[in-house]
Amino acid sequence: MMRLVPFAVALFTLPALAAEPLGPPGAPAAAFPKPDRPVAEIIAPLWALEGQRDRVDEVGQVARLMGIAPGQTVADIGAGSGYYSVRLAERVGPQGRILAEDVTPSYLADLERRVANLPNVTVVRGEPHDPRLPPASVDAAVLVHMYHEITQPFGLLHNLAAAMKSGGRVGIVDADAIPSRHGTPPALLRCELAAMGYRETGFSVLDGGVGYLAIFEAPAVAARPEPAAIRTCPDTATRAAPTRR
């Protein structure tokens, strides 16, 4: 436990403008197999206008289904424009914490400006395969419309598990579409998460046409599969999709 204290202290003392890693590096990307599917290009910090998403209470739906409550620490992985971060900051309250993580420099700079007046939000610079969060610090993590853009999902899930508290929940919001069309088929998502030791605890189609929410319990650090033992999941949906001309 003593080895975790410096990172726990950093979590609650670093200012919101410190877009730096908060945790030690995890397993390297090269240790994991590449996914057997296309990886979508990152093209924008948000996938739809915020007003449209607010009208269907997207964040509220996700927060209720995931049991996000005051006082909790929530990681917004791939925070982008900060749409979820600023709304979840109000939900967790002054005793809670939002870790707004991203890897794109321009997004991080914009995030810092947006959350400058939110003392319970910390901007975190991660890596594509590693969110670089403090060990055992996170109650819940959300990955919103970005799973299909992760170049090394097995590495990210492996390293994210180390940041989760016991019983920590990971919620993935995405479209039911093939990765090249900026979505993840639920069957493929389930296969990849199961391959990393995550246990599905809920699945809902969100109201308002904003996609689905799949909720998983993260594995304990000791229960994570060794990188060399991981088997990729076949992307049968992409192979079966008609070619666009």
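This text goes with the structure placed above it.
Residues numbered from 1 in each chain as written. Predicted model: local features only at pLDDT ≥ 70, side-chain atom pairs only at ≥ 80, totals over all residues. Heavy atoms only, no water.

A.B. asks: Go over the overall build of the chain with me, naming the residues and quoting the values.
C.D. replies: Along the chain, the regular secondary structure elements total eight helices and seven strands. Scored against the burial criterion, the 245 residues of the chain give a buried share of 52%. Put simply, the chain shows about 11100 Å² of open surface, and 57% of that area lies on carbon and sulfur atoms. (Helix = DSSP H or I, 4+ residues; strand = E, 2+ residues; numbered from the N terminus. Buried < 20%, exposed > 50% of the residue type's maximum accessible area, 1.4 Å probe, protein only. Areas by Shrake-Rupley, 256 points an atom, 1.4 Å probe, with all protein chains shown as cover.)

A.B. asks: Break down the pattern of salt bridges for me, citing the residues and quoting the values.
C.D. replies: The full count for this structure, using the stated rule, is 13 salt bridges. One salt bridge in this structure joins Asp-57 and Arg-64, with 2.9 Å as the shortest N-O distance. Overall, Asp-57 belongs to the partly exposed group, its relative accessible area being 33%. (Salt bridge = Lys/Arg side-chain N within 4 Å of Asp/Glu carboxyl O.)

A.B. asks: Would you mind going over unusual backbone geometry in detail, with residue names and values included?
C.D. replies: In this structure, Ala-136 is a non-glycine residue whose phi angle is positive, near 50°. Secondary-structure assignment places Ala-136 in the loop between strand S3 (121-125) and strand S4 (138-144). At His-145, a residue that is not glycine, the phi angle is positive and equals roughly 50°. Locating His-145 in the fold gives a position in the loop between S4 and helix H6 (153-163). Judged by its relative accessible area of 11%, His-145 is buried.

A.B. asks: If you had to explain the sheet that holds strand S7 (residues 212-217) to someone new, which residues and values would you point to?
C.D. replies: With mixed pairing, seven strands are arranged side by side in an open sheet as S3-S2-S1-S4-S5-S7-S6. Each end of this open sheet is capped by a strand with a single partner; those strands are S3 and strand S6 (199-205). Each strand axis lies, on average, 20° off the axis of its neighbour in the sheet, ignoring direction. One ladder, built from four bridges, connects strand S1 (residues 73-77) with S4; its direction is parallel. (Pairing = 2+ DSSP bridges. Axes fitted to C-alpha atoms, helices over the stretch in contact; angles between N-to-C directions.)

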